[in-house]
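Take a look at the letters that make up each chain.
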Amino acid sequence: MTVTVLEKPAFDLIAYFGRAPVEKITQTANSISDGSDLTERIALHSGPSELIALSNTFDGMFDRLERSFSAEKQFTSDASHELRTPITVIRASCDRAKRKDVTREDFLRTLDVIDEQADNMSLLVNHLLSLTRLQQGTERYPLAEGDVSELVREV
């Protein structure tokens, strides 16, 4: 019986080609985990089929993470803008009341504006809290029966 033994350089070469895809997956995952570049992908095109499948799975997960972070940034920007508007109106109304409201009626109108904007802010905050609870699964979306035909007519 003859046994073929790989010489050391050949064995090192085989080990390198087997290890290189794993190192690429690890390096890319670490880079994305550091948060410096969420657009980086493994994109493994050669190597064992199991590692290519693993690479594709990671790349799909990274795509979803990138989209999720992007949507979160957009949501934060939109929410900040929506909350900034009533705050601006409240501040302007307070400033006006301090400088120009000489009659009780003027002052009460200004308080009505401030109260209305505070209600708007409260509604926005409640919507944000509900959205968070829906995402966390601690609250269910309220369902109600309705007439689809009426909805279509309104639309």
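Summarised in this report is the structure supplied together with it. Computed from a predicted structure; not experimentally measured. (Residues numbered from 1 in each chain as written. Predicted model: local features only at pLDDT ≥ 70, side-chain atom pairs only at ≥ 80, totals over all residues. Heavy atoms only, no water.)

### A word on the pattern of salt bridges
We count it as follows: Salt bridge criterion: a side-chain nitrogen from Lys or Arg within 4 Å of a carboxyl oxygen from Asp or Glu. Helix and strand assignments come from DSSP, with helices taken as H or I runs of at least 4 residues and strands as E runs of at least 2, each series counted from the N terminus. Exposure classes here rest on a 1.4 Å probe applied to the protein chains alone. A residue is buried below 20% of its type maximum, exposed above 50%, and partly exposed in between.
Considering all chains together, one arrives at five salt bridges under this definition. One salt bridge connects Asp95 with Arg99, and the closest N-O pair in it is separated by 3.0 Å. You can see Asp95 and its partner Arg99 sitting in helix α2 (residues 49-99), four residues apart, about one turn around the helix. The exposure class assigned to Arg99 is exposed, which follows from its relative accessible area of 54%. Several salt bridges share partner residues, and in doing so they unite Arg41, Asp63 and Glu66 into one network.

### What to know about the packing of aromatic side chains
Definition in use: Pairing of aromatic rings covers Phe, Tyr and the six-membered ring of Trp, with a centre-to-centre limit of 6.5 Å; geometry is then stacked below 30 degrees between planes, edge-to-face above 60, and tilted otherwise.
Within the structure shown, the criterion is met by one aromatic pair. Each ring, one from Phe58 and one from Phe62, has its centre 5.9 Å from the other, and the planes form 20°; the classification is stacked. On the criterion of helical spacing, the pair formed by Phe58 and Phe62 is a turn pair, its members being four residues apart in helix α2. Given a relative accessible area of 24%, Phe58 falls into the partly exposed group. For Phe62, a relative accessible area of 6% gives the class buried.

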